[in-house]
Each structure stands twice: as C-alpha cells, then as structure tokens.
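# Geometric and topological summary
The chain contents come next:
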Amino acid sequence: MQREVVAKHRDRPDHYVALVEFSSCEEAQRNSRLPETDRFNAHMVKLCDGPITFSDYDVIRDKS
C-alpha cells in the first residue's frame, strides 16, 4: 500500500470513504487475497449500517 486516505462526508456525518492507493494493480489484488484483509472487512461490516462497496479506479492525474 502506498497511501490511505479516509474522509468523512460534510453533510452526511455517518458517511465515510476510504481511498487506498497501491503501486500496481497486481499489488492491490495480492492485498485483496490476504487473510488480514478478510478479517478487516469482516470487522468493518459489523460497524456499518449498510453494505460496504468496493470500486477499482485508475489514476489519470495526480497533482500532489
């Protein structure tokens, strides 16, 4: 993992987003298969009111 950002919605205080950046698609896929990732996801599901959704994005511009 290269970077992780967690954000809280300003107008919906119970809505959070986590953006996790990996150096490659292959690294992200390896991370997804780790038992620790499954345990973390199971823990997060218990804390959330609804389903957790995952999406895959490719960075097209980074001005950091």
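In the block above lies the structure referred to throughout.
Now for a description of the structure that goes with this document.

## Things to note about the pairing of strand 2 (residues 16-21)
Within strand 2, only zero of the six residues are buried, which leaves the element largely exposed. Pairing geometry for strand 1 (residues 3-8) and strand 2, over six bridges, is antiparallel. Within strand 2, the position partnered with glutamate 4 by the bridge is valine 20.

## As for a nonpolar patch on the surface
A surface patch of nonpolar side chains, amounting to about 300 Å² of accessible area, comprises Val45, Ile52 and Phe54. Locating isoleucine 52 in the fold gives a position in the segment after helix 2 (35-47). For isoleucine 52, a relative accessible area of 31% gives the class partly exposed.

## As for the environment of lysine 8
With respect to the helices and strands, the residue lysine 8 is situated in strand 1. C-alpha of lysine 8 to C-alpha of alanine 18: the two residues are 10 residues apart in sequence and 9.0 Å apart in space. If we skip the residues at most four places from it in the chain, lysine 8 touches Pro13, His15 and Tyr16.

## Quick word on the side chain of threonine 37
Of note, threonine 37 is situated in helix 2. A relative accessible area of 16% places threonine 37 in the buried class. Setting aside chain neighbours within four positions, we find threonine 37 in contact with Asn31 and Ser32.

## Looking at the environment of threonine 53
Secondary-structure assignment places threonine 53 in the segment after helix 2. A relative accessible area of 68% places threonine 53 in the exposed class.

The rules we used
- Residues numbered from 1 in each chain as written.
- Predicted model: local features only at pLDDT ≥ 70, side-chain atom pairs only at ≥ 80, totals over all residues.
- Heavy atoms only, no water.
- Buried < 20%, exposed > 50% of the residue type's maximum accessible area, 1.4 Å probe, protein only.
- Helix = DSSP H or I, 4+ residues; strand = E, 2+ residues; numbered from the N terminus.
- Pairing = 2+ DSSP bridges.
- Patch = residues over 30% accessible without salt bridge, like charges linked within 9 Å, V, L, I, M, F, W, Y side chains within 5 Å.
- Areas by Shrake-Rupley, 256 points an atom, 1.4 Å probe, with all protein chains shown as cover.
- Salt bridge = Lys/Arg side-chain N within 4 Å of Asp/Glu carboxyl O.
- Contact = heavy atoms within 4.5 Å.

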